[in-house]
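Breakdown of the fold
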Amino acid sequence: MRVGFGYDVHRLVAGRPLVLGGVNIPYEKGLLGHSDADVLAHAVMDALLGAAGEGDIGRHFPDSDQQYKGISSLNLLSRVGHVLAAKGLTVGNIDSVVVAQAPKLAPFIGEMKVRMAESLLIEPGRVNVKATTTEGLGFTGTGGGIAAYAIALVLPAR
């Protein structure tokens, strides 16, 4: 059994959709990035890749490569699942947290869990998503961006 930790952050800007855990969230701003900038999926991918000893998403999906421009992070998450499978590993569980002052994310958490689990071909009960604010402190508290943290347990596939 192995564990990995992931973190990601992106700036909030006007004119972009807000995608978290593969779910489009209604909001006046979205996250800026080369792909869809889904900080939650990115943190989960880094946690899984770290647990597998496979580096990070920048190594596997560099932002200098145009094939990843605007790509769905759920597509990339699925590819990370294939990296794990190729190493004889499977996801034990994932625990994650999104840090954002706004918008309120509670109504979307169930769908985030399902979408990420589907991408990894695992049961939604093995994916946990939480949301919190920073009580107005820092870049997340002032609405400058959104951050996400994740930890993952990977196990030998049976």
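We now turn to the structure provided with this report. (Residues numbered from 1 in each chain as written. Predicted model: local features only at pLDDT ≥ 70, side-chain atom pairs only at ≥ 80, totals over all residues. Heavy atoms only, no water.)

1. Description of the nonpolar core
Cut-off, in case you're wondering: Nonpolar cores are built from buried Ala, Val, Leu, Ile, Met, Phe, Trp, Tyr and Cys residues. Side-chain atoms within 4.5 Å join them into one set. For the exposure calls, accessible area comes from a 1.4 Å probe over protein chains only, and a residue counts as buried if that area is under 20% of its type's maximum, exposed if over 50%, partly exposed in between. Per the convention used, a helix needs a DSSP run of H or I reaching at least four residues, while a strand needs a run of E reaching at least two, with both numbered from the N terminus.
L20, L48 and I146 are the most contacted members of the largest nonpolar core, which has 46 residues in total. When residues of this core are traced back to their parent elements, those giving at least two are β2 (18-20), β3 (23-25), α1 (39-51), α3 (73-86), β5 (89-99), α4 (109-120), β6 (127-132) and β7 (145-156). When residues in this core are grouped by element, the largest group, nine residues, is from α1.

2. Quick look at a nonpolar patch on the surface
Put simply, the rule reads: In this scheme, patches are assembled from residues that exceed 30% relative accessible area and form no salt bridge. Like charges are connected within 9 Å, while nonpolar side chains (Val, Leu, Ile, Met, Phe, Trp, Tyr) are connected within 5 Å. We get accessible surface area from the Shrake-Rupley algorithm with a probe of 1.4 Å; when it comes to residues, only the shown protein chains can shield them. Here a salt bridge means any side-chain nitrogen of Lys or Arg lying within 4 Å of a carboxyl oxygen belonging to Asp or Glu.
Residues V3, F5, Y7, V9, F139, Y149 and I151 make up a contiguous nonpolar surface patch of about 640 Å² in total accessible area. At the level of secondary structure, the elements contributing two or more residues to the nonpolar patch comprise β1 (2-14) and β7. Take the nonpolar patch: its biggest share by element is four residues, from β1. Within the secondary structure, V3 sits in strand β1. Using a relative accessible area of 56% as the deciding quantity, one classes V3 as exposed.

3. Thoughts on the packing of α3 against α4
Our working rule: Each axis is a line fitted through C-alpha atoms, taken for helices only over the stretch in contact, and angles between the N-to-C directions span 0 to 180 degrees. Here the angle decides the label: under 35 degrees means roughly parallel, over 145 means roughly antiparallel, 65 to 115 means roughly perpendicular, and every other value means oblique. By definition, any crossing whose near helix is turned counterclockwise from its far helix by less than a right angle is left-handed, and any crossing with a clockwise turn is right-handed. Residue contacts are counted whenever heavy atoms from the two residues lie within 4.5 Å of one another. Classification used: nonpolar for Ala, Val, Leu, Ile, Met, Phe, Trp, Tyr, Cys and Pro, charged for Asp, Glu, Lys and Arg, polar for all others including Gly.
For the pair α3 and α4, the least separation of the axes is 7 Å and the interaxial angle reads 45°. With respect to α4, the axis of α3 lies oblique. Like other packed secondary-structure pairs, α3 and α4 cross with a definite hand, here right-handed. Together, L74, L77, S78 and G81 of α3 and R115, M116, S119 and L120 of α4 make up the contact between the two elements. Residues that form the contact of α3 with α4 fall into these classes: four nonpolar, three polar and one charged.

4. Some remarks on the pairing of β1
Operational definition: A pair of strands is treated as paired once DSSP finds two or more bridges between them.
By the bridge criterion, 10 bridges tie β1 to β7 in an arrangement that is antiparallel. Considered in β7, the bridge of R2 is made with V154. The pairing of β1 with strand β4 (residues 29-31) spans three bridges and is classified as antiparallel. Along β4, the bridge assignment pairs V13 with G30.

5. What about the sheet that holds β7?
The strand order β4-β1-β7-β5-β6 describes an open sheet built from five strands, whose pairing is mixed. The open sheet terminates on both sides in strands that have one partner only, identified here as β4 and β6. Between one strand axis and the next, the sheet turns by 20° as a mean value, whatever way the strands run. Sheet contacts for α4: β5 and β6; angle to β6, the most-contacted strand, approximately 145°.

6. Here's the deal with the side chain of D46
So the rule is basically this: This count recognises Lys and Arg as positive and Asp and Glu as negative, with His and chain-terminal groups excluded.
Within the secondary structure layout, D46 lies in helix α1. Buried charged residue D46 carries no salt bridge. Nearest counter-charge: R59, at 9.9 Å. Beyond its immediate stretch of four places on either side in the chain, D46 contacts F5, G6, Y7, D56 and I57.

7. What to know about α3
We apply this condition: Multiplying one less than the number of residues by 1.5 Å gives the expected span of a helix. The directions from the helix axis to the C-beta atoms form the arc being described. Each polar contact in these results corresponds to two N or O atoms within 3.5 Å; when the atoms are within protein, one needs to be able to donate a hydrogen and the other to accept it, and residues that are neighboring in sequence are counted only if both atoms are side-chain atoms.
Here α3 is 14 residues long and its end C-alpha atoms lie 20 Å apart, about the 20 Å a rise of 1.5 Å per residue gives. Inspection of α3 places S73, L74, L76, L77, V80, G81, V83 and L84 among the buried residues, and these make up the whole buried set. The buried residues of α3 all sit within an arc of 155° when viewed along its axis, so they share a single face. Facing away from the buried side of α3 by more than 90 degrees, the exposed set consists of H82, A85 and A86. Buried residues in α3 make contact with α1, α2 (57-60), β5, α4 and β7. Among the residues of α3, the N-terminal cap falls to S72, whose side-chain oxygen and the backbone nitrogen of L74 are separated by 3.1 Å. Once α3 finishes, G88 follows within two positions and takes phi at roughly 75°, a positive value.

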